[in-house]
Amino acid sequence: QSIAQELVGLFCMVLLTLIALVANTVVMVVILKTTLFRKFIFVCHLCIVDLLSAIFLMPLGIISSSSCFNRVIYSIAECQALIFLNICFISASILTISIISVERYYYIVHPMRYEVKMTIRLAVAGVIFIWVKSVLITVLALVGWPQDNGATSASRCTVYWSPGAHKEVFVIIFSIVCFVLPTIIIFAVYCSVYRVARMASLQHAPAPAQVVAPRHQSDSITSQVTVITTRNLPLPRLIPEHFLGSNKAILTLVLIVGQFLCCWLPFFAFHLHSSVATDTVGGGHGEMVVTWIAYSSFAINPFFYGLLNRQVREELARLQRSCLNRSLNQEICLSISEASVQENFLQFLQRATCMLETHASCISPRNRNRLDHKKVGFPIPGQIPEESS
């Protein structure tokens, strides 16, 4: 039974590593080839960090977790290098996810400010900030290590078995900076984004009283045709779309935040408890489980932050057709039901704006002129008005 469990665990670890390698490589290549690279630069950086983790961390994690490699011995310098890569890549990945959430917030709530201030220089500054902060946190983990030329087994070269003299202080700071604060930011940002998405979806369905009941009755043929036309508007199609879009926004919020918590909460809770509790005995199997639950984030991130985006999927389809020498004129047409399930918040709000514009086109010319005269449009609720200057 132990051999079967060992083989199943080894298979799962290898499978996660292969998925992380392939998925991050595909999304990164697609983003680098697209013309909208500026809007996906942090997603591309996340794929690079996760790809480096799949190349270095996950194979070394297999060696540390599997009993097949019990005889592998690391020197102190090699173990320090492994701990350095582990903490640095984990910090960089989580901080990048936090910046992506803030970027989405500004893209939706402050669209004009985002278009003006979101430059390549600012994106590069954000990437530099991520790596500087990650390196500083990692250096703190290596303070107090023994300087002799000792050795340790691969299974004990982990954060839990770290011989650092200030391990407790490091784990507390590491948990606060790389988990508690990013979790608060992600919760606050996506709740604000959901509030804007929900307010936009509430404006999708036009008021039935304004559409069905004409203001004045007239016997002219033109007025009768107008009444019949307005009564035959496809209201039953707009109302289900309104509810479907709202539920889809809730589902997207739950999936993104839930995936982050499911992957990283066990990891940080385990290390925080083991560093504070004095009666903790052995990391062993428990540390292996929480570590690989955290490592699964490297394989899941490209799907949630890359392939969930319609533009990335369409660019990937174009690359597939070009590789297969197919006609580039055949475009993929996603149905409304498919888009409402797979789109993220950005596409949801874009679709909401398009529906509002479609509803505005149904207004009579006299009312449209009156609205234009008063400068009344259909902005997305919750957006902050920007100055034209």
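Owing to the predicted nature of the structure, the values given are computational and were not obtained by experimental measurement. (Residues numbered from 1 in each chain as written. Predicted model: local features only at pLDDT ≥ 70, side-chain atom pairs only at ≥ 80, totals over all residues. Heavy atoms only, no water.)

1. Describing the overall build of the chain
- If you tally the helices and strands in the chain, you get 14 helices and 2 strands.
- Burial analysis of the chain (389 residues in total) assigns 41% to the buried set.
- Considering only intrachain contacts with a sequence separation of at least 6, the fraction spanning at least 24 residues in the chain is 82%.
- Counting only carbon and sulfur atoms, one obtains 67% of the accessible surface of the chain, whose full area is about 21000 Å². (Helix = DSSP H or I, 4+ residues; strand = E, 2+ residues; numbered from the N terminus. Buried < 20%, exposed > 50% of the residue type's maximum accessible area, 1.4 Å probe, protein only. Contact = heavy atoms within 4.5 Å. Areas by Shrake-Rupley, 256 points an atom, 1.4 Å probe, with all protein chains shown as cover.)

2. Some points on the packing of aromatic side chains
- By the definition in use, this model includes 15 aromatic pairs.
- Aromatic side chains Phe-179 and Phe-260 sit 6.1 Å apart centroid to centroid with 10° between the ring planes, which places their arrangement in the stacked category. In this pair, Phe-179 sits in helix α6 (residues 167–202) while Phe-260 sits in helix α9 (residues 235–276), placing the two residues 81 residues apart along the sequence.
- According to the relative accessible area criterion, Phe-179 is buried, its value standing at 10%.
- With a relative accessible area of 2%, Phe-260 lands in the buried category.
- Ring centres of Phe-267 and Phe-268 lie 5.3 Å apart, and the angle between their planes is 85°; this geometry places the pair in the edge-to-face category.
- Using a relative accessible area of 4% as the deciding quantity, one classes Phe-267 as buried.
- Its relative accessible area of 3% is what places Phe-268 among the buried residues. (Phe/Tyr/Trp six-rings, centres within 6.5 Å; stacked < 30°, edge-to-face > 60°.)

3. Focus on the side chain of Ser-66
- Structurally, Ser-66 can be placed in the loop between α2 (41–65) and β1 (73–75).
- Judged by relative accessible area, which is 2%, Ser-66 ranks as buried.

4. Looking at the nonpolar core
- In terms of nonpolar packing, the biggest core is built from 77 residues, with Phe-174, Trp-264 and Tyr-305 touching the most fellow members.
- When residues of this core are traced back to their parent elements, those giving at least two are α1 (2–33), α2, α3 (76–109), α5 (120–141), α6, α9, α10 (284–307) and α11 (310–323).
- At 16 residues, the largest contribution of residues to this core is made by α3.
- Taken domain by domain, the makeup of this core includes at least three residues from each of domain 1 (3–204 + 243–308) and domain 2 (312–356).
- What Trp-264 contacts, discounting residues up to four positions off in sequence, is Ile-90, Ile-94, Phe-179, Ala-294, Ser-297 and Phe-298. (Core = buried A, V, L, I, M, F, W, Y, C linked by side-chain atoms within 4.5 Å. Domains from an automatic or database assignment.)

5. Examining the UniProt feature "transmembrane region" (unreviewed entry) in the chain
- In the numbering used here, UniProt assigns the "transmembrane region" (unreviewed entry) feature to residues 6–31, 40–63, 83–102, 122–145, 169–193, 249–269 and 289–308.
- Helix makes up 100% of residues 6–31 and strand 0%, with an end-to-end C-alpha separation of 38 Å. (UniProt positions renumbered as here; feature names shortened; annotations may be inferred.)

6. Section: the state of the cysteines
- Overall, the coordinates contain 1 disulfide when judged by the stated rule.
- Across the disulfide, Cys-79 is cross-linked to Cys-157 (sulfur-sulfur distance 2.1 Å). For the disulfide bridge between Cys-79 and Cys-157, the dihedral angle about the S-S bond is near 120°, and by the sign convention the bridge is right-handed. Highlighted residues: Cys-79 in helix α3 and Cys-157 in the loop between β2 (151–153) and α6, separated in sequence by 78 residues. In terms of burial, Cys-79 and Cys-157 fall into one category: buried.
- Note on Cys-262: no disulfide assigned, nearest cysteine sulfur contributed by Cys-263 at a separation of 6.8 Å.
- Taking relative accessible area as the criterion, Cys-262 reaches 55% and is therefore assigned exposed. (Disulfide = S-S within 2.5 Å.)

7. Notes on α5
- Here α5 is 22 residues long and its end C-alpha atoms lie 32 Å apart, about the 32 Å a rise of 1.5 Å per residue gives.
- The complete set of buried residues in α5 reads Ala-123, Gly-126, Val-127, Ile-130, Ser-134, Ile-137, Thr-138 and Ala-141. Taken end-on, α5 shows its buried residues confined to a sector of 105°, consistent with a single buried face. Pointing more than 90 degrees away from the buried face of α5 are the exposed residues Arg-121 and Leu-136. (Expected span 1.5 Å × (residues − 1). Arc of directions from axis to C-beta.)

8. So, the packing of α2 against α3
- In the contact formed by α2 and α3, the axes pass within 9 Å of each other and the chain directions differ by 150°. When the axis of α2 is compared with that of α3, the two are roughly antiparallel. Handedness of the α2/α3 crossing: left-handed. Contacts between α2 and α3 involve Phe-42, Val-43, His-45, Leu-46, Val-49, Asp-50, Leu-52, Ser-53, Phe-56, Leu-57, Leu-60 and Ser-64 on the former and, on the latter, Leu-82, Leu-85, Asn-86, Phe-89, Ala-92, Ser-93, Thr-96, Ile-97, Ile-99, Ile-100 and Glu-103.
- When its residues are assigned to classes, the contact of α2 with α3 shows 15 nonpolar, 6 polar and 2 charged. (Axes fitted to C-alpha atoms, helices over the stretch in contact; angles between N-to-C directions. Parallel < 35°, antiparallel > 145°, perpendicular 65-115°, else oblique. Left-handed = near helix turned anticlockwise from the far one by under 90°. Nonpolar A, V, L, I, M, F, W, Y, C, P; charged D, E, K, R; others polar.)

9. Describing the pattern of salt bridges
- Considering all chains together, one arrives at 1 salt bridge under this definition.
- Residue Glu-315 is joined to Arg-318 by a salt bridge in which the shortest nitrogen-to-oxygen separation is 3.4 Å. In this pair, Glu-315 and Arg-318 are both assigned in helix α11, 3 residues apart and thus about one turn of the helix distant. (Salt bridge = Lys/Arg side-chain N within 4 Å of Asp/Glu carboxyl O.)

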